[in-house]
Amino acid sequence: MKVVTTRAELRAARAGLDGSVGFVPTMGYLHDGHLALVAAARERCSAVVASIFVNPTQFGPTEDLAAYPRDLDRDLARLEAAGVDLVWTPAVEDVYPPGFATYVDVEGLTGVLEGASRPGHFRGVATVVTILLSLVRPQMMFVGRKDLQQSVVLRRLAADLGLADEVVVCPTVREPDGLALSSRNAYLDPEHRRAALVVSTALRAARAAYRDGERDAVTLRRIMHDVLAAEPRAEVDYVSLADPDTLVELDGEVTRAAASLAVRVGVPRLIDNSLLHDPDPELDRPMSTA
Ligand code: AMP
């Protein structure tokens, strides 16, 4: 596995990769969710490139940029064991050269949900991913469903700018009890780790209601709200039931519906989602409470 830092090193190493390239962008502190993206890329492509970059432009002024968990040595060992060919670990100035002035906005999809709660977040995400894709030039990019809105935004971006033939969205990997894996789970103390379970429990409740025939958007949202309200340590940011492609909030009778939640539990703000109309085996299996 080759590890490179500068744009020039990346260009040289990329030129040495034959066949189709799959790209997995990450902010590091890797867990099994990230490694599932690598495994999917290995299955579909001849070579896999990963990046580790905590992107300052997608963090708001009051967010956790400085505190974001980092462990480069451990990340590189995990990527090597997973069979990655090339890792790009740029410094901030490798991504944003001096005088940097070019930003990318994906319109329409970014004003709601995470975009509404985190102004500027998707401008930062779209800008960094445009730079990463322009330099890595993969055929496919692999992202997680865990960040549903991000996956919708990045599909739009890659198609609009012609920066990858395909954006593959991989299922959310969870702890045995249902909590979605996230680098930010590192901020949970044991008491809040227990409380954090309410997030996936609320999604499971909405899935169960939908499975039993409930189709009213207001009722499905209320079911999730009620589960979250029973956990005093959970501070709800939003509960959404939206069209999975346009992310527009649904009203009345629903058929295809993305349930999304953002909830602060102690220190971290956790996000999670489920497509109610699709199978979601990780959420529908009986949960272990061990
Ligand atoms: P991050 O390092 O948090 O920026 O995430 C990098 C990529 O990993 C993004 O495409 C995420 O959607 C994806 N990802 C994060 N957590 C999970 C998870 N639990 N399951 C699957 N993919 C994930």
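Quick caveat: nothing in here was measured; it's all calculated off a predicted structure.

Q: Lay out helix H7 (residues 148-161) in plain terms, naming residues and giving numbers.
A: Taking 1.5 Å per residue, 14 residues should reach 20 Å; H7 reaches 20 Å between its end C-alpha atoms and fits that length. Looking at the buried positions of H7, the neighbouring elements they touch are helix H5 (113-117), helix H6 (121-136), strand E5 (140-144), strand E6 (166-170), strand E8 (258-265) and strand E9 (269-275). Just beyond H7, the residue with positive phi is Gly162, at close to 65°.

Q: An account of the packing of aromatic side chains is needed here, citing residue identities and associated values.
A: By the definition in use, this model includes four aromatic pairs. For the pair Tyr96 and Phe100, a centre-to-centre distance of 4.8 Å together with 85° between the ring planes defines the contact as edge-to-face. The buried category is assigned to Tyr96, whose relative accessible area is 10%. Judged by its relative accessible area of 24%, Phe100 falls in the partly exposed class. Site record: aromatic cluster; members linked through ring pairs are Phe53, Tyr96, Phe100 and Tyr103. Its guanidinium or amino end placed over the ring of Tyr29, Arg74 lies 5.6 Å from that ring's centre, counting from NZ or CZ. Sitting over the ring of Tyr210, Arg215 keeps its end group 3.7 Å from the ring centre.

Q: Kindly report on the site of the ligand, identifying the contributing residues and their values.
A: The environment of the ligand is formed by 17 residues, the closest being Met27, His34, Asp147, Val173 and Leu181. In this structure, an oxygen atom belonging to the ligand sits 3.0 Å away from a main-chain N or O atom of Gly144. Within the contact set of the ligand, a nitrogen atom lies 2.8 Å away from a backbone nitrogen or oxygen of Val173. Contact with the protein chains hides 92% of the accessible area of the ligand, taken as 490 Å² for the molecule alone. Contributions of two or more residues to the shell around the ligand are made by strand E2 (21-26), helix H2 (32-44) and E5. Element by element, the count of residues in the shell around the ligand is highest for H2, at three residues.

Q: Report on the sheet that holds strand E1 (residues 2-4), specifying residues and quantitative values.
A: As summarised here, the arrangement of the six strands in space is E1-E4-E3-E2-E5-E6, forming an open sheet in which the pairing is parallel. For this open sheet the edge positions go to E1 and E6, each flanked by a neighbour on one side alone. Pairwise comparison of adjacent strand axes, ignoring direction, gives a mean angle of 25° for this sheet. Taken together, the three bridges between strand E3 (residues 47-52) and strand E4 (residues 86-88) define a ladder with parallel strand orientation. Of the residues in E4, the one forming a bridge with Val49 is Leu86.

Q: An account of the sheet that holds E9 is requested, with residue identities and associated values reported.
A: Within a beta sheet, neighbouring strands are joined by backbone hydrogen bonds and run either parallel or antiparallel to one another. Sheet architecture is open: three strands sit in the order E7-E8-E9, paired in antiparallel fashion. Looking at the sheet topology across the chains shown, the edges are occupied by strand E7 (234-242) and E9. Strand-to-strand twist of the sheet, defined as the mean angle between neighbouring strand axes without regard to direction, takes the value 15°. Two strands pair when backbone bridges link them, and E7 and E8 are joined in this way by eight bridges, in the antiparallel orientation. Within E8, the residue paired with Ala234 across the bridge is Val265. Relative to the sheet, helix H9 (residues 197-211) contacts E7, E8 and E9, its axis offset from that of E9 by approximately 20°.

Q: Explain helix H1 (residues 7-15) residue by residue, including any values.
A: When we look at burial in H1, the residues that qualify are Leu10, Ala13 and Arg14. The arc enclosing the buried residues of H1, seen along the axis, measures out at 100°, which places them on a common side. Exposed and facing more than 90 degrees away from the buried side of H1 are Ala8, Ala12 and Ala15. Its buried side turned inward, H1 meets E1, E2, E4 and H6.

Scoring rules and cut-offs
Residues numbered from 1 in each chain as written. Predicted model: local features only at pLDDT ≥ 70, side-chain atom pairs only at ≥ 80, totals over all residues. Heavy atoms only, no water. Helix = DSSP H or I, 4+ residues; strand = E, 2+ residues; numbered from the N terminus. Expected span 1.5 Å × (residues − 1). Contact = heavy atoms within 4.5 Å. Phe/Tyr/Trp six-rings, centres within 6.5 Å; stacked < 30°, edge-to-face > 60°. Buried < 20%, exposed > 50% of the residue type's maximum accessible area, 1.4 Å probe, protein only. Lys NZ or Arg CZ within 6 Å of the ring centre and 35° of its normal. Near = heavy atom within 4 Å. Polar contact = N/O pair within 3.5 Å; in protein donor to acceptor, adjacent residues only side chain to side chain. Areas by Shrake-Rupley, 256 points an atom, 1.4 Å probe, with all protein chains shown as cover. Pairing = 2+ DSSP bridges. Axes fitted to C-alpha atoms, helices over the stretch in contact; angles between N-to-C directions. Arc of directions from axis to C-beta.

The values reported here are purely geometric and, on their own, carry no functional implication.
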